[in-house]
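# Descriptive analysis of the structure
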Amino acid sequence: MTSKIILKYSFPIIIDDLVIRRHPRHTGESRYPFSIILDSGSGLPRTGYGVRNDKKVNSIMQIQKVFSIYKKDLQEVEKYLSRYITSDVKLIPEVSHHLIGSGGKRFRPLLLLISAALCGCKGKNRFPTAAVMEFIHTATLLHDDVIDQAIMRRGKTSANNIWGNAASVLVGDFLYSKSFTLMTEIGNMQILKMMSDVTNVMSEGEVFQLMKCGDVNLTEEEYLTIIHKKTAVLISAACSSGAILAGASQDNITTLAHFGHNIGMAFQMTDDTLDYMAK
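An account of the accompanying structure is given in this report. (Residues numbered from 1 in each chain as written. Predicted model: local features only at pLDDT ≥ 70, side-chain atom pairs only at ≥ 80, totals over all residues. Heavy atoms only, no water.)

All right, on to the overall build of the protein then. Broken down by element type, the protein carries ten helices and six strands. The buried share among the 279 residues of the protein stands at 52%. Looking at the protein alone, contacts between residues at least 24 apart form 70% of all its contacts between residues at least 6 apart. (Helix = DSSP H or I, 4+ residues; strand = E, 2+ residues; numbered from the N terminus. Buried < 20%, exposed > 50% of the residue type's maximum accessible area, 1.4 Å probe, protein only. Contact = heavy atoms within 4.5 Å.)

See the structure below:
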C-alpha cells in the first residue's frame, strides 16, 4: 500500500512509495509540522506523533511554525554543536563558528528530530545525532566553497576568503572526523555504519560534480546522480536516523529514508533553480 505524506509543496512529487503534494490550509493545527494519511497495510502506525486517523486532515504549518515547535529541541542540538567544535588549535573553532554560527537553517537536524518524534523517540541521543548531521553538512559547505571559489556564504564572507583554501579544507576534515567521534560516543552501530556509507557516497558526489563542472552536455541522469550523492543521501540519513534511535521497524526506517531522499532531491532542484534565476 502507499503511504501518503502531505506537506506544503508548490508541485507534486511522486517517487517510489511516497506521495508528497500540496494540500489546502484551514484554521486547524496539528501538534507536529506535518500530517500523514496512511492506507491500511502500510508499515507506519496510524496514531502517534503528527499522525491523524481522519483522512480529511488538511492542517498545514509554515516552516517558521515548525521551527518554533522544535525550538527547545534545536537549542539542545546547538549545545552539542558548540561543545564539540572546541579545540586547542585556535583556528578550528574560529572557522567552524564562522559558518555554524552564521544562521544556517538546521534543516537536517530538524528532520531527524521530527522523524524521531514520529516514531516515539524521546531519548537524549537524538540531540548529538542531529548535531552530527549538521557537522557533516557544514564540512561539505567548507569544501564546496573552496571548489567553487566562493566569495560569500550565508550573507558573510566565505571562510576560504578569510582563512584561505587550505584552512577551509582542513577544518572541514576536522568536522568530518569529529562527527565520527561523536557517533562512537553515541554507540549506535547501525547509524555509524550507515553514516560511513553516506559520507563515502557524498565524497563520490563531490568528485563527480567536479568532473562535470562546466560540461554543457551534462545529462539529466548525471545531474540527478550528483544531487542524489551530494544532498539527498544526507537528508535521507537524517530521517532514517530518527527512526533508528526510536527502535522502529526496518519497514518504518526504510519508509522515512525514502521520504528524506525525496525531500533532498526536491530541495536541491529548488535550490539550483533559484541559483539560475538569480543569475
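The next subject is the packing of aromatic side chains. Enumeration over the complete set of coordinates arrives at two aromatic pairs. Aromatic side chains phenylalanine 107 and phenylalanine 267 sit 5.2 Å apart centroid to centroid with 15 degrees between the ring planes, which places their arrangement in the stacked category. Here phenylalanine 107, found in helix H4 (residues 107-118), pairs with phenylalanine 267, found in helix H10 (residues 250-278); they are 160 residues apart in sequence, far enough to count as distant. For phenylalanine 267, a relative accessible area of 24% corresponds to the partly exposed category. (Phe/Tyr/Trp six-rings, centres within 6.5 Å; stacked < 30°, edge-to-face > 60°.)

This brings us to the pattern of salt bridges. Per the stated rule, a full pass over the model turns up eleven salt bridges. Its salt-bridge partner being lysine 212, residue glutamate 222 comes within 3.0 Å of it at the nearest N-O pair. On the criterion of sequence distance, the pair formed by glutamate 222 in helix H9 (residues 220-245) and lysine 212 in helix H8 (residues 189-212) is long-range, its members being ten residues apart. Each member of the salt-bridge network shares a partner with another, and the members are Glu78, Arg106 and Glu134. (Salt bridge = Lys/Arg side-chain N within 4 Å of Asp/Glu carboxyl O.)

As a further point, take unusual backbone geometry. One non-glycine residue, arginine 106, adopts positive backbone phi at about 60 degrees. Residue placement: arginine 106 occurs in the loop between helix H3 (91-100) and H4. Arginine 106 sits in the buried class, given a relative accessible area of 9%.

Attention shifts here to the state of the cysteines. Inspection of the entire model under this criterion finds zero disulfides. Of all cysteine sulfurs in the structure, the one in cysteine 119 sits closest to cysteine 121, which takes part in no disulfide; the separation is 8.6 Å. (Disulfide = S-S within 2.5 Å.)

What follows covers the side chain of glutamate 134. Counting through the fold element by element, glutamate 134 comes out in helix H5 (residues 126-148). In this structure, glutamate 134 is in contact with Leu81, Arg106, Pro109 and Arg154, ignoring residues within four places of it in sequence.

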